Amino acid sequence: MKDFEYSAPDDLQTATALLAEHGERARVLAGGTDIIVQLREGLCSADFVVDVKNIPELMALDYRAKQGLTLGASTSCSQLYEHPDLATAYPALIDAARIIGGWQIQTRASVGGNLCNSSPAADTIPPLLVHEATCLIQGQAGSREIPASEFCTGPGQNVLQPGELLVTLQLPEPAANSSSAYERFIPRNEMDIAVAGAASWIQLDASGQTIEEARIALAAVAATPVMATEAAESLRGKPATAESFAEAGELAKNAASPISDMRGTAEYRVHLCSVLTQRTLARALARIQEAGS
Ligand SMILES: Cc1cc2nc3c(=O)[nH]c(=O)nc-3n(C[C@H](O)[C@H](O)[C@H](O)COP(=O)(O)OP(=O)(O)OC[C@H]3O[C@@H](n4cnc5c(N)ncnc54)[C@H](O)[C@@H]3O)c2cc1C
């Protein structure tokens, strides 16, 4: 690996100043589970690496009823699933945090790093989309907020400009009578990335029988993670049954524009969109019912 300078500032101002000073030659380091591999294999290069894990805002993990979750970008997957309340509040996100690599990776890998690496197959991104996460981005010129659904712009590409940092993800408090789930298909049981993945979120009405709102997001079936909007909208006002979920699964296929590669053919990925959408809708429903029983 080529030598680089390293700095680990403990405040945002210094971090953004360093990133601005070194421009395109600087890289952010969080858990390092993507960036170190990429630097070592020559897939990217850097003269200056800014380690952001000493910055308090990036390590925040603050969940409050009625306010939701403030998730520092560099918080690790294991910190998320060890939190006592988050598996109930944001189950799809915890499903994803639990399957990223093995536990050694999970203690390093951050949700913000997963998002900023912007792989179409990244496991935490569909859960962030269905939970309507907002990204707080900071640069030298100031801060801006964008929905997580607009963050990724292509494989490995996103809206961050040179000198900008993802600081936090803000997830709203989940609505009453709602739940979510994430599942992916991989050819082996562990240590692989998704052939396809799906996150589903549903909210039932007071009777617990009818779907009021739904959101579905897919991984590894397009150039970026995508919302399956048509499928989600088909569920509004429908009974929460396997038939409704099957119809949504069919419509979810329309959101996919996959490639064929060594993990699976495009046709297979489209098929998986339906299967995983149905499974995650059923899992989200079961979670609502378990919470109510
Ligand atoms: C063995 C192994 C197994 C894996 N399995 C999976 C898996 O199953 N599913 C999956 O989705 N991923 C998997 N990954 C990929 C990886 O673990 C995740 O993408 C991880 O979440 C990245 O987080 P990190 O903190 O390590 O990011 P880093 O590697 O530190 O950074 C990743 C990228 O994001 C940028 N970045 C990080 N934080 C910020 C920030 N706050 N602001 C701006 N830019 C930032 C970095 O510059 C870099 O380009 C695996 C990796 C390994 C090595």
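Residues numbered from 1 in each chain as written. Predicted model: local features only at pLDDT ≥ 70, side-chain atom pairs only at ≥ 80, totals over all residues. Heavy atoms only, no water.

Here we come to the pairing of strand S7 (residues 142-147). Where strand S6 (residues 134-139) lies against S7, 6 bridges are found, and the strand directions are antiparallel. Counted as the bridge partner of Ile-137 is Arg-144 from S7. Linking S6 back to S7 in an antiparallel pair, the connection comprises 2 residues. (Pairing = 2+ DSSP bridges. Helix = DSSP H or I, 4+ residues; strand = E, 2+ residues; numbered from the N terminus.)

Take the pairing of strand S11 (residues 178-185) next. Burial within S11 is extensive, with 6 of its 8 residues counted as buried. Looking at chain direction, S11 and strand S12 (residues 196-204) are connected through 8 bridges and run antiparallel. Paired with Arg-184 across the two strands is Gly-197, which belongs to S12. (Buried < 20%, exposed > 50% of the residue type's maximum accessible area, 1.4 Å probe, protein only.)

A few words on the site of the ligand. Inspection of the region around the ligand gives 28 residues, with Val-28, Thr-33, Asp-34, Ser-110 and Asp-123 positioned closest. Interatomic distance of 2.6 Å between a backbone N/O atom of Val-28 and an oxygen atom of the ligand. Within the contact set of the ligand, an oxygen atom lies 2.7 Å away from a backbone nitrogen or oxygen of Ala-30. For the ligand, whose accessible area on its own is 980 Å², the fraction buried by protein is 88%. (Near = heavy atom within 4 Å. Polar contact = N/O pair within 3.5 Å; in protein donor to acceptor, adjacent residues only side chain to side chain. Areas by Shrake-Rupley, 256 points an atom, 1.4 Å probe, with all protein chains shown as cover.)

Within the open sheet, the 4 strands sit side by side as S11-S12-S13-S14. Their pairing is antiparallel. At either margin of the open sheet sits one strand with a lone partner, and together these are S11 and strand S14 (226-227). Where S12 meets strand S13 (residues 211-219), 8 bridges bridge the pair, whose relative direction is antiparallel. When the sheet's bridge partners are listed, Ala-198 is paired in S13 with Leu-218.

In this section: the environment of Ala-176. For Ala-176, the location among the structural elements is in the loop between strand S10 (165-171) and S11. Separated by 32 residues in sequence, Ala-176 and Arg-144 have C-alpha atoms that sit 29 Å apart.

According to the domain assignment, the chain consists of domain 1 (5-51), domain 2 (56-171) and domain 3 (178-292). Between domain 1 and domain 2, a total of about 1200 Å² is buried, with carbon and sulfur atoms accounting for 63% of that surface. In this assembly, domain 1 and domain 2 are joined by 0 salt bridges. Its residues assigned to classes, the side of domain 1 that touches domain 2 shows 7 nonpolar, 5 polar and 3 charged. (Domains from an automatic or database assignment. Buried area = accessible area lost by both parts, 1.4 Å probe. Salt bridge = Lys/Arg side-chain N within 4 Å of Asp/Glu carboxyl O. Nonpolar A, V, L, I, M, F, W, Y, C, P; charged D, E, K, R; others polar.)

Okay, the pattern of salt bridges next. Within this structure, the stated rule accounts for 14 salt bridges. Notably, a salt bridge pairs Lys-2 with Asp-47, separated by 2.8 Å at the nearest N-O pair. One end of the pair, Lys-2, is in the segment before strand S1 (5-7); the other, Asp-47, is in the loop between helix H2 (35-40) and strand S3 (48-51), with 45 residues separating them in the sequence. Given a relative accessible area of 32%, Asp-47 falls into the partly exposed group. Arg-287 is the salt-bridge partner of Asp-95, the closest N and O atoms lying 2.9 Å from each other. With Asp-95 in helix H5 (residues 91-97) and Arg-287 in helix H11 (residues 266-292), the pair connects residues that are 192 residues apart, well separated along the chain. Arg-287 gets classed as buried once you look at its relative accessible area, which sits at 17%. Where salt bridges share partners, they join Lys-2, Arg-25 and Asp-47 into one cluster.

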